[in-house]
Amino acid sequence: MISTTFDRQVVLIVDDMPDNLAMLSDALDESGHIVLVATDGLSALQRLDHITPDLILLDAMMPGIDGFETCRRIKQLRQVSHVPVVFMTGLSETEHVVRGFEVGGIDYVTKPIRPQEVVARIGAHIRTGRMMSQARGVLEQAAHAVIVLGGNGLPTWQTSKASQWLEKYFGAPAPGSQRLPAALQVWLNEQLVRQRQGENLDQLPPLVVRLDQGELHITLCGPGQGHGASLLLEEKTGAAALARPEDGPALPASLEACRLTPRESDVLLWLGKGKTNRDIADILGMSPRTVNKHLEHIFVKLGVETRSAAAVLASSVAAGSGGQLLQ
């Protein structure tokens, strides 16, 4: 794949209107950018197989797949998912603006296009994008793995090492999924609630997920200057895998010794998939009160105190046994 040059910024313009392409190409070329063009979403995706631009300027309304769907697919391509996307649109209604941000866009400009404004916005976003890329490069080389969280508590970016460890300890994600494993999300939600109740994140114990070959320690770090909340992951193997007293519960790799009843196993299975008590009740044909009673017994047998710890245990054991909690 061709990388961008250091001193000249590469911009990919995706628009089906020749006049817009010509006007923007001239303006960007005069300002010192390298300009690449595509006239529809599919050809843009094909170009991204071979080049990594510094920024993508994307028309929202095009024949074939529109700009929103094109952006969504771009964000699923690991090699270019970090590239900032700026929408060009005549659709200034709130719903279209919101949709652009939801699929991964970082900004939008409205038509008729004002070239000087577009050039200024592109320059600002490319500078920010390059600083973020440098920071990511440093994180990729670090001993820890990092998952950056958005304001909604969902992941916005993670290092490759974090992806590898999540798959190892929680199982392979669904194709195209950008979400955390359900059990980990349950634990994270509990930590965020505790934070809102005034507890200091630095004093909360990490989550420890144990498999036969080691442990994964997951810590929620609060927002700081220039960044939001994040998850810090560290794998411990051998002697280093012995849980320290200040750590959270170390979860075993097998449930066989816990002597769960078949019904308790069913409840734990759905808990590990992130289901609420009411969801589990509907699925298994029982009352939420009965589900809660089963969970009380499960917590005692597993030696855990919270549903998040039980959920992570269920998820990690399922990953290590090909998706089967109990044989």
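Residues numbered from 1 in each chain as written. Predicted model: local features only at pLDDT ≥ 70, side-chain atom pairs only at ≥ 80, totals over all residues. Heavy atoms only, no water.

So, the confidence of the model for the protein
Filter applied, for reference: pLDDT gives the predictor's per-residue confidence on a scale running from 0 to 100. Between two residues, a contact is recorded if the distance between any of their heavy atoms is within 4.5 Å.
Of the residues in the protein, 76% have a pLDDT of 70 or more, and the chain-wide mean is 77. For the stretch residues 243–254, pLDDT sits under 50, and the model shows 34 contacts to residues farther than four places along the chain or on other chains. In the predicted structure, residues 320–327 sits below a pLDDT of 50 and forms 14 contacts with residues beyond four places in sequence or in another chain.

Points about helix α10 (residues 288–302)
Filter applied, for reference: The secondary structure listing takes helices from DSSP runs of H or I that are at least 4 residues long and strands from runs of E that are at least 2 residues long, numbered from the N terminus. How far a helix is expected to stretch is found by multiplying one less than its residue total by 1.5 Å. Each residue gets one of three labels from its accessible area relative to the maximum for its type: buried under 20%, exposed over 50%, partly exposed in between, using a 1.4 Å probe on protein chains only. Taking the helix axis as origin, the arc is that swept by the directions to the C-beta atoms.
End to end, α10 covers 21 Å across 15 residues, agreeing with the expected 21 Å (1.5 Å per residue, within 8%). If you check which residues of α10 are buried, you get Val 291, His 294, Leu 295, Ile 298, Phe 299 and Leu 302. Buried residues of α10 fall within an arc of 140 degrees about the axis and therefore sit on the same side. Opposite the packed face of α10, turned more than 90 degrees from it, sit the exposed residues Arg 289 and Val 300.

Considering unusual backbone geometry
Here the bond from Lys 111 into Pro 112 is cis, since omega is 0 degrees, no more than 30 degrees from zero. When you line up the elements, Pro 112 lands in the loop between β5 (107–110) and α5 (115–140).

Quick word on the packing of aromatic side chains
The following threshold applies: Only centres within 6.5 Å qualify two rings of Phe, Tyr or Trp (six-membered ring in Trp) as a pair; their planes then separate them into stacked at under 30 degrees, edge-to-face at over 60, and tilted for everything else.
Inspection of the entire model under this criterion finds 2 aromatic pairs. Seen in terms of ring centroids, Phe 68 and Phe 87 are 5.4 Å apart; in terms of plane orientation they differ by 35 degrees. Their pairing is tilted. Of this pair, Phe 68 sits in helix α3 (residues 67–74) while Phe 87 sits in strand β4 (residues 85–89), and the two are 19 residues apart along the sequence. Judged by its relative accessible area of 3%, Phe 68 is buried. Since its relative accessible area comes to 3%, Phe 87 is described here as buried. Taken together, a centroid distance of 6.4 Å and an interplanar angle of 80 degrees make the contact between Phe 101 and Tyr 108 edge-to-face.

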